[in-house]
Amino acid sequence: AFVQSVLDSGASRSERRGKLQLALDAHKKYMQRAANGQGIDRYLMGLRAMVRDGTESVPPIFEHEAMSIISTFRLSTSNVSMLTHAQSLFAPVVPNGYGLPYTIRDDRIHVGVTAWHDNPQSVPAAEFGAAFDCAMADIADLLRDAQAKL
């Protein structure tokens, strides 16, 4: 709903801020649930890793089309919490995807963008990164507006 409000030229800044807050609240809940072991993707990833060594037959659930669909992440993100100023990078998990490791600091967020060079289904990582920067600047403006009104 937040992204749709950004794309809707008729949506007010107040409406966008409200939808952003709803999105942030939902994401926070999801993160809390995942941290408490309630993220289904983590269980499935662990189970799949257990059968990949070839010592056991692959359960039918991993052969189902739905598993392929929910395991295809064009945008792979991860919070890389490092105490140093080093930046960590990782490759996308699918050929037409992007890898976005990020590190949150008190005064900034470090974000890396990776993509496969030879994939015609993706824009280059630098172009994706520039669009990402613009989107983050727009969100920062919305949040600054909200702070100014308090």
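Scroll up for the structure.
Residues numbered from 1 in each chain as written. Predicted model: local features only at pLDDT ≥ 70, side-chain atom pairs only at ≥ 80, totals over all residues. Heavy atoms only, no water.

> Please provide a residue-by-residue account of the packing of aromatic side chains, values included.
Counted by the stated rule, this structure contains one aromatic pair. Ring centres 4.0 Å apart and planes at 15° place the aromatic pair tyrosine 98 and phenylalanine 128 in the stacked group. With tyrosine 98 in strand S2 (residues 98-104) and phenylalanine 128 in helix H5 (residues 125-149), this pair connects stretches of sequence that are 30 residues apart. A relative accessible area of 6% means that tyrosine 98 is categorised as buried. (Phe/Tyr/Trp six-rings, centres within 6.5 Å; stacked < 30°, edge-to-face > 60°. Helix = DSSP H or I, 4+ residues; strand = E, 2+ residues; numbered from the N terminus. Buried < 20%, exposed > 50% of the residue type's maximum accessible area, 1.4 Å probe, protein only.)

> Quick rundown of the pattern of salt bridges? Include the residues and the values.
In the structure shown here, the tally under the stated rule is two salt bridges. The partner of arginine 108 in a salt bridge is aspartate 107, with the nearest N and O atoms 2.6 Å apart. Judged by its relative accessible area of 33%, arginine 108 falls in the partly exposed class. The salt bridge involving aspartate 141 is made with arginine 144; its shortest N-O contact spans 2.7 Å. Placement of both aspartate 141 and arginine 144 in helix H5 is noted, with a separation of three residues, approximately one turn of the helix. Among the residues examined, aspartate 141 registers a relative accessible area of 33% and is labelled partly exposed. (Salt bridge = Lys/Arg side-chain N within 4 Å of Asp/Glu carboxyl O.)

Read these as geometric descriptors, not functional statements.
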